[in-house]
2 protein chains.
Amino acid sequence: MIKKYRIGNPIETFAVLKELKIEKELPEYIKIVDNKINISLNDSDIVYGLGQAVRGINKRGYKYISNTSDDPVHTEDKGSLYAAHNYIMIDSFKKFGIFIDTPSKVTFDLGYTDINKIEISFEYNDYDLYLIEASSLVDILKEFRELIGKSYLPPKWAFGYGQSRWSYFNKEEVKEVVKKHRENNIPLDMVYLDIDYMKDYKDFTIDNEKFSDFESFVKEMKKENIRLIPIIDAGVKIEKGYDVYEEGVKNSYFLTKENGDNIVCGVWPGDVHFPDFLNENVREWFGKKYQFLIDKGIEGFWNDMNEPAIFYTKDRLNEVLDKITEYKGTNLDIHKFFEFKDRVLTLSNNNEDYKLMYHNYLGKRYRHDIVHNLYGYNMTKAAGEYFNKINKEILMFSRSSYIGAHRYGGIWQGDNSSWWSHLKLNMDMSVNLNMIGFIFNGADLGGFGSNCTPDLMQRWLQFGIFTPLMRNHSALGTRRQEVYEFSNMEKLRDIIEFRYSILDYIYDETKKAVENNTMYLRPLAFDYEKDLLTREITDQILVGDSIMIAPIYEQNKKGRYVYLPEDMKMLKVKSKNDIKEEVLKKGHHYIEVNLDEFLIFVRKGKTFTLKNGGQSVDSMDSSIFREF
Amino acid sequence: MIKKYRIGNPIETFAVLKELKIEKELPEYIKIVDNKINISLNDSDIVYGLGQAVRGINKRGYKYISNTSDDPVHTEDKGSLYAAHNYIMIDSFKKFGIFIDTPSKVTFDLGYTDINKIEISFEYNDYDLYLIEASSLVDILKEFRELIGKSYLPPKWAFGYGQSRWSYFNKEEVKEVVKKHRENNIPLDMVYLDIDYMKDYKDFTIDNEKFSDFESFVKEMKKENIRLIPIIDAGVKIEKGYDVYEEGVKNSYFLTKENGDNIVCGVWPGDVHFPDFLNENVREWFGKKYQFLIDKGIEGFWNDMNEPAIFYTKDRLNEVLDKITEYKGTNLDIHKFFEFKDRVLTLSNNNEDYKLMYHNYLGKRYRHDIVHNLYGYNMTKAAGEYFNKINKEILMFSRSSYIGAHRYGGIWQGDNSSWWSHLKLNMDMSVNLNMIGFIFNGADLGGFGSNCTPDLMQRWLQFGIFTPLMRNHSALGTRRQEVYEFSNMEKLRDIIEFRYSILDYIYDETKKAVENNTMYLRPLAFDYEKDLLTREITDQILVGDSIMIAPIYEQNKKGRYVYLPEDMKMLKVKSKNDIKEEVLKKGHHYIEVNLDEFLIFVRKGKTFTLKNGGQSVDSMDSSIFREF
């Protein structure tokens, strides 16, 4: 049962689709003291939730801050990532879920200050609190998901394997990537275009030198069953004569300063304005702009830099450049040196800058920080509303999000790194994102930042074949990460080929999760609630209805422990053609898993079917290859 | 058997104490091609070594660069930390160790480029290669350790618990820390003084306002069985009238620029010169300076910033400050913006700056980068040589090191963070440091950077009580980390109390490792070489002769798997007074371990003795409390 409570005078977010009456009396296990929500925890309680956040599936023992941020270093001390997903679910003597609906900053102290206490605090004390009680975690979640509406499901081809890099700088590079995949028989469905396909980083433009005759190029690729997926950024370059800029200025579509001038910020193109996506007229206008690329044959997009990420505001940049000259000729001791360095480092994504911008939202003027967490969500909504209007199945996923955005697109897990700990984070975050309805999600396989190693790529793909979004993406300046670049290419190919053998399963099970408001990837404890040990086992994941996986996520590991809550059939997979089967009993097992092997467990009484697969979704053979 | 090979014309490092004749013919499994050492690996081979480095005990699958660096963010992509420990040991069809003795940069590609290939490459192609072959890992290690000489062992009181913070800013703060420990019955032996005890960050000075009448204060603390351990930095403040500066200038003891002028760099005090520790006259001079503090009753020191860490060189700083003004009024697109930011970020610890400095070493002039990795080592040597000369038992540990430094002091593991992954890194690094002779070492318990949580402190102490150096240290701006600051203080106290019950064991076993050239902390595979499964189990550690530990190093874990290579007696410890005993059979076990519990396994046929312990080493009761 869901109950709604209202504190203060919250701003509408459109996260929730149902109208509920407002209750007065909170149950006694939730107290509001000094504007903070307090909940006591027992030693054995688990706190699930928060969607995109660092650390494990059980979020206890840290302080998380919902404040959409572009922070590319996802170490475990980071309280904020790109999203604001204010949902937690407590598995205690009583099971309940809490959704805090508010567009501004929320702090979840989940046993950080006091080990057995949850304290939720607010920058602005206006919010709706939804409390969901039911007898099982699955039921609570179902009610929550019904409250926030059905998740986005992309076209089936988007479940193929995609290759990305910041950047493929011209057509020839893209063609080379496709050629190398095809000639090595590595399946591929998509090549992603990062910021360099645009002319001077201007949204809805093409660099006609490096990507000349773009429309024909899109067609040519499509013939090879490759779709190109361009990136769209939030900021609009300030440039006389550039239509998006000119229209935005003319119609007052951009965020302003307090004095009403459009605020000047810096992103890829240098000086930009930011569209006021919260305004429905702006969304309608910006959404239509995607048609420029749809007309050229494009069927998918990724929305980026929409936290919004800001390299600088022009005013602060000028101030800092002035101040810096004053250091010349002085002795820079520790205090002065770090002051100097901080001035430069805090130019980017400075929370103070968010207080200098203004929106025009639902007929009122709001300072940006008050509605900050809705920005990326509404950029995705701009696109999604337009795609719905033209009734086209378009791939759409975003970096920043808020609950509600899950109805318009998926998300990727942001700018992770080629770290083994980020393979584990990928696993944990996938589960937490499934909870809150972002079923279509995935991380940059192999890691975006820093350099990937052959074995990390291998282990990461072994997990990545189970995530709906399966994309290999890497950053400028890092080691090339296309699978054919590695000495173990053949092993990597075997794994990707296997994806296409189970792609129907992944698509069907994802679709079911969308339609039934369930989780496609989930912890054991959700299905085996009575087996208390499953609450401890967070590195085994249920994938759809039939299988469980137990990935290896540590370097140089050649085996791992697996706990089976019931008898299961273990598949030790090297490739589609090399699978060893064995039935294992309920209980603990130590299992050898060499680098070229991964484990799938078929649950008792379930079947799991491999198809013939192929080199792309459009060309694959869905007849049965083998059944387990 | 050890064989020595000489390539080029290497510079003496004094890492090795034995004279060996130079061999010509390398065995066929080691090839030198294009100035690179090549070794092929089999899938199952393990590569141990490298001492202070990121990642696990098995170093395979990454590229490590021996290049002493002050990098405070120990993420797994960092190739260099504070030390240069050029020793690796390969457990293959053949077992062998390799020590590369050279003072400049060495790159160890251990399966990064090609998964089954080691490639060792050099910035300067002059080095001695020592190859050690024996039938067991233990024998190889023993021979290596005999080659490099006996490890440093500090006085026994240094095995007590120490509390540190950057910084305790005055006497009153230090007294408060001591008082709070004593009144809460938390044992304590040392309080560390970070940079703020000095006057304007000048080595061998005292801030006479904040630490007035320092000598009496040291005595007063000593009466409470507390020793104060001040930090010493490498850089010497440029200040007219400051004796260390004046003497250094007068005697040409500082690093110079190519033109012979003393090079001006920036560290805590602002502009500094760096002593040329490689020069024996400078070491003698600097070593004597410690007497200033010894005269005040000080018995221990930590040497810091000796990679050397450089915030800036004055010349580059001025250049950058000039350049930065040119950005004003221009459009900072991606290229220009990151160029601007990089100019500021690369001011610190810039490898190019190391090419601007010159040493006077063994009668010759050397550019710093050629002998870079010897700098911190020789700072420690300066202190150690002096302490030996005055025949005093002094606690000494350093941040930067090279093999050879282990004869003069211990090291700490550098500026880690309050991350669970750094608790695991602490475990792995401790083992790798034991290999190369840095037996006396430890990490900042609870983590130096970022904010510690109560549960992390608890789990970290549960491991930390087994490390010879047991110090809680945290950085400016982070959450207070003294154990009495946490809601679970009593549990934390129980753990520290337990340390004092096993302190005799830890001291005795450390001493044995020093005397016998063995490892105090070591992986299972070293003692159970015939049990191949132990090669996989890297998160259980043998501690001295009698016990094995199996720490919990992941948040919210309430149990773990343990593999026993033979029957062992398991102790589940809550406190000295609350220990559950159980004999477990050889094999795999899943064991529940609540947050307030940790595991000790007493090996078959061995005994393990708890003493009564106490509140400090000087006051503790070494009579037997309980035997297992």
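Here the structure is a predicted model, which is why all the values come from computation and not from measurement. (Residues numbered from 1 in each chain as written. Chains lettered and ligands numbered in written order. Predicted model: local features only at pLDDT ≥ 70, side-chain atom pairs only at ≥ 80, totals over all residues. Heavy atoms only, no water.)

As for the overall build of chain A
Next up, step 1: A tally of helices and strands in chain A yields 15 helices and 38 strands.
Next up, step 2: Relative to the compact-globule value of 25 Å for 628 residues, chain A shows a C-alpha radius of gyration of 24 Å, a close match.
Next up, step 3: Along the first, second and third principal axes, the C-alpha atoms of chain A reach 70 × 65 × 60 Å.
Next up, step 4: The buried share of chain A, reckoned over its 628 residues, is 67%.
Next up, step 5: The contacts in chain A between residues at least 6 apart in sequence include a share of 73% that link residues at least 24 apart.
Next up, step 6: Seen as two clouds, the 86 positive and the 97 negative side-chain charges of chain A have centres 2 Å apart. (Helix = DSSP H or I, 4+ residues; strand = E, 2+ residues; numbered from the N terminus. Rg over C-alpha atoms; globule rule 2.2 N^0.38 Å. Buried < 20%, exposed > 50% of the residue type's maximum accessible area, 1.4 Å probe, protein only. Contact = heavy atoms within 4.5 Å. Lys, Arg positive; Asp, Glu negative; His and termini not counted. Charge placed at Lys NZ, Arg CZ, Asp CG, Glu CD.)

Remarks on the UniProt feature "domain: Glycosyl hydrolase family 31 C-terminal" (unreviewed entry) in chain A
Next up, step 1: As recorded in UniProt, the sites labelled "domain: Glycosyl hydrolase family 31 C-terminal" (unreviewed entry) are residues 519–606 of chain A.
Next up, step 2: Between the end C-alpha atoms of residues 519–606 of chain A there is a gap of 18 Å, over a span that is 5% helix and 48% strand. (UniProt positions renumbered as here; feature names shortened; annotations may be inferred.)

Focus on the sheet that holds strand E9 (residues 95–101) of chain A
In sheet architecture, strand pairing relies on hydrogen bonds along the backbone and comes in two forms, parallel and antiparallel.
Residues and elements named next belong to chain A.
Next up, step 1: Reading across from one edge, E2-E1-E12-E9-E8-E5 is the order of the six strands in this open sheet, with mixed pairing throughout. At either end of the open sheet lies a strand with only one pairing partner, and these are strand E2 (22–23) and strand E5 (46–49).
Next up, step 2: In the sheet, strand E8 (residues 87–91) pairs with E9 via five bridges, with the strands oriented antiparallel. From the neighbouring strand, Ile88 faces E9, where its bridge partner is Ile98.
Next up, step 3: Along the sheet, helix H1 (residues 137–148) makes contact with strand E1 (2–7), E5, E8, E9 and strand E12 (127–133), crossing E8 at roughly 160°. (Pairing = 2+ DSSP bridges. Axes fitted to C-alpha atoms, helices over the stretch in contact; angles between N-to-C directions.)

Overview of unusual backbone geometry
Leaving glycine out, the prevailing phi sign among residues is negative, and the prevailing peptide bond configuration is trans.
Next up, step 1: The peptide bond linking Glu307 of chain A to Pro308 of chain A adopts the cis configuration, its omega dihedral lying at -10°.
Next up, step 2: With respect to the helices and strands, the residue Pro308 of chain A is situated in the loop between strand E19 (300–304) and strand E20 (312–313).
Next up, step 3: The phi dihedral of Asp34 of chain B falls on the positive side, at around 50°, and the residue is not glycine.
Next up, step 4: Examined against the element boundaries, Asp34 of chain B turns out to sit in the loop between strand E3 (31–33) and strand E4 (36–40).
Next up, step 5: What makes Asp34 of chain B exposed here is its relative accessible area of 67%.
Next up, step 6: With a phi close to 55°, Asn185 of chain B is a non-glycine residue in the positive phi region.

Thoughts on the nonpolar core
Next up, step 1: Among the nonpolar cores identified, the biggest contains 414 residues, and Tyr290 of chain A together with Leu228 and Tyr290 of chain B are the most heavily contacted of them.
Next up, step 2: Ranked by residues supplied to this core, first place goes to helix H13 (residues 489–516) of chain B with 13 residues.
Next up, step 3: Setting aside residues no more than four positions away along its own chain, Tyr290 of chain A makes contact with Phe204, Ile232, Phe301, Asn303, Met379, Ala383, Phe387 and Met396 of chain A.
Next up, step 4: The next biggest cluster of nonpolar side chains, apart from the first, holds 38 residues, and it includes Val562, Leu564 and Phe601 of chain A together with Ala550 of chain B. (Core = buried A, V, L, I, M, F, W, Y, C linked by side-chain atoms within 4.5 Å.)

Here we look at the relation of the copies chain A and chain B
Next up, step 1: Mapping chain A onto chain B is achieved by rotating through 180° and translating by 0.0 Å along the same axis, at an RMSD of 0.0 Å. Both copies are brought into coincidence by an operation consistent with a two-fold rotation axis.
Next up, step 2: The fraction of interface residues of chain A whose copies in chain B are also interface residues reaches 100%, indicating that both copies meet through the same surface. (Least-squares fit on C-alpha atoms with pLDDT ≥ 70 in both.)

Remarks on the packing of aromatic side chains
Next up, step 1: Evaluation of the coordinates by the stated rule reveals 91 aromatic pairs over all chains.
Next up, step 2: On the numbers, 3.9 Å between centres and 10° between planes, the contact of Phe122 of chain A with Tyr127 of chain A is stacked. Taken individually, Phe122 of chain A and Tyr127 of chain A each receive the classification buried, so the pair is uniform in this respect.
Next up, step 3: Taken together, a centroid distance of 6.4 Å and an interplanar angle of 10° make the contact between Trp166 of chain A and Phe448 of chain A stacked. Within this pair, whereas Trp166 of chain A is found in the loop between strand E13 (161–163) and helix H2 (171–183), its partner Phe448 of chain A is found in the loop between strand E27 (444–445) and helix H12 (454–464), the two being separated by 282 residues in sequence. Phe448 of chain A shares its class with Trp166 of chain A; the two are buried.
Next up, step 4: Every member of this aromatic cluster is reached through a ring pair, and the members are Phe204, Tyr253, Phe254, Phe274, Phe277, Trp285, Phe286, Tyr290, Phe301, Tyr375, Tyr386 and Phe387 of chain A.
Next up, step 5: Seen from the ring of Tyr192 of chain B, Arg471 of chain B lies directly overhead, with NZ or CZ sitting 4.7 Å from the centre. (Phe/Tyr/Trp six-rings, centres within 6.5 Å; stacked < 30°, edge-to-face > 60°. Lys NZ or Arg CZ within 6 Å of the ring centre and 35° of its normal.)

Here we look at the domain arrangement of chain A
Next up, step 1: Parsing chain A into structural domains produces domain 1 (2–148), domain 2 (150–310 + 350–412), domain 3 (312–347) and domain 4 (506–627).
Next up, step 2: In this structure, domain 1 of chain A and domain 3 of chain A have C-alpha centres spaced 38 Å apart. (Domains from an automatic or database assignment.)

Some remarks on the UniProt feature "domain: Glycoside hydrolase family 31 TIM barrel" (unreviewed entry) in chain A
Next up, step 1: Mapped onto this numbering, the UniProt entry annotates "domain: Glycoside hydrolase family 31 TIM barrel" (unreviewed entry) at residues 152–508 of chain A.
Next up, step 2: In the segment residues 152–508 of chain A, helix accounts for 38% and strand for 15%; the C-alpha atoms at its two ends are 14 Å apart.

A few points about empty space enclosed by the protein
Residue and element names in this part refer to chain B.
Next up, step 1: Evaluation of the coordinates by the stated rule reveals seven cavities of 30 Å³ or more.
Next up, step 2: In this structure, the largest cavity occupies an estimated 90 Å³ of space.
Next up, step 3: Along its surface, the largest cavity is lined by 13 residues, and Leu50, Gln52, Ile65, Ser66 and Ala83 are the ones closest to its centre.
Next up, step 4: Grouping the constituent residues of the lining of the largest cavity by class yields eight nonpolar, five polar and no charged.
Next up, step 5: Roughly 80 Å³ of volume is contained in the second largest cavity. (1 Å grid on protein atoms, 1.4 Å probe; cavity = no way out; pocket = protein on both sides within 12 Å on 5 of 7 lines; lining within 4 Å. Points joined across faces, edges and corners; volume = space filled by probe spheres on them. Nonpolar A, V, L, I, M, F, W, Y, C, P; charged D, E, K, R; others polar.)

Observations concerning the confidence of the model for chain A
Next up, step 1: Residue-level pLDDT values for chain A average 97, and 100% of them are 70 or greater.
Next up, step 2: For this predicted complex, the interface confidence score (ipTM) comes to 0.97, while the overall pTM stands at 0.98. (pLDDT = per-residue confidence, 0-100.)

Focus: the pattern of salt bridges
Next up, step 1: Counting across every chain of the model gives 100 salt bridges over all chains.
Next up, step 2: Look at the salt bridges and you will find they share partners, linking Asp70, Asp304, Glu307, Arg399 and Asp415 of chain A into a network. (Salt bridge = Lys/Arg side-chain N within 4 Å of Asp/Glu carboxyl O.)

Structural notes on the sheet that holds strand E6 (residues 62–66) of chain A
Residue and element names in this part refer to chain A.
Next up, step 1: Taking strand neighbours across the sheet as the criterion, the five strands line up as E3-E4-E11-E10-E6 in an open arrangement whose pairing is antiparallel. Taken across any chain shown, the strands that pair with only one partner, and hence form the sheet edges, are strand E3 (31–33) and E6. Taken pair by pair, the neighbouring strands of this sheet meet at an average axis angle of 20°, ignoring direction.

Some details on the interface of chain A and chain B
Next up, step 1: Taken together, the contact pairs 77 residues of chain A with 77 residues of chain B.
Next up, step 2: Of the roughly 6200 Å² buried between chain A and chain B on both sides combined, carbon and sulfur atoms contribute 57%.
Next up, step 3: When the buried area of chain A at its contact with chain B is split by residue, Tyr112, Glu536 and Tyr561 of chain A rank highest and sum to 10% of it.
Next up, step 4: The tally of links from chain A across to chain B stands at two salt bridges.
Next up, step 5: Of the charged contacts, one joins Lys328 of chain B and Asp322 of chain A as a salt bridge, the two residues approaching to 2.9 Å between their closest N and O atoms.
Next up, step 6: Linking chain A to chain B there are 44 residue pairs in polar contact (both at pLDDT 80 or more).
Next up, step 7: Elements with a minimum of two residues in the side of chain A that touches chain B: strand E18 (270–273), helix H7 (314–325), helix H8 (334–345), helix H11 (420–435), H12, strand E32 (559–564) and strand E35 (587–592) of chain A.
Next up, step 8: Ranked by residues supplied to the side of chain A that touches chain B, first place goes to H8 of chain A with eight residues.
Next up, step 9: When grouped by side-chain class, the residues that make up the side of chain A that touches chain B number 34 nonpolar, 25 polar and 18 charged. (Buried area = accessible area lost by both parts, 1.4 Å probe. Polar contact = N/O pair within 3.5 Å; in protein donor to acceptor, adjacent residues only side chain to side chain.)

Focus: helix H14 (residues 503–516) of chain A
Residues and elements named next belong to chain A.
Next up, step 1: Taking 1.5 Å of rise per residue, 14 residues should cover 20 Å, and H14 covers 20 Å from first to last C-alpha, within 8% of that figure.
Next up, step 2: Every buried residue belonging to H14 is among Leu503, Asp504, Tyr505, Ile506, Tyr507, Glu509, Thr510, Ala513 and Val514, and all of these are buried.
Next up, step 3: Asn517 sits one or two residues past H14 and shows a positive phi near 55°. (Expected span 1.5 Å × (residues − 1).)

Regarding helix H5 (residues 280–289) of chain A
Residues and elements named next belong to chain A.
Next up, step 1: Here H5 has its buried residues at Val282, Arg283, Trp285, Phe286, Gly287 and Lys289.
Next up, step 2: Where H5 is buried, its residues contact strand E15 (227–233), strand E16 (236–237), helix H4 (243–250), helix H6 (291–294) and helix H10 (375–389).
Next up, step 3: Where H5 starts, the residue carrying a side-chain oxygen 2.9 Å from the main-chain nitrogen of Asn281 turns out to be Asn279.

A short note on the pairing of strand E1 (residues 2–7) of chain B
A regular strand places its side chains so that they alternate between the two faces of the sheet.
All names here are of chain B.
Next up, step 1: Alignment of E1 against strand E12 (residues 127–133), held across six bridges, turns out to be antiparallel. Bridge pairing in E12 links Ile7 to Tyr127.
Next up, step 2: Taken together, the two bridges between E1 and strand E2 (residues 22–23) define a ladder with parallel strand orientation. Bridging from a neighbouring strand, Lys4 pairs with Ile22 of E2.

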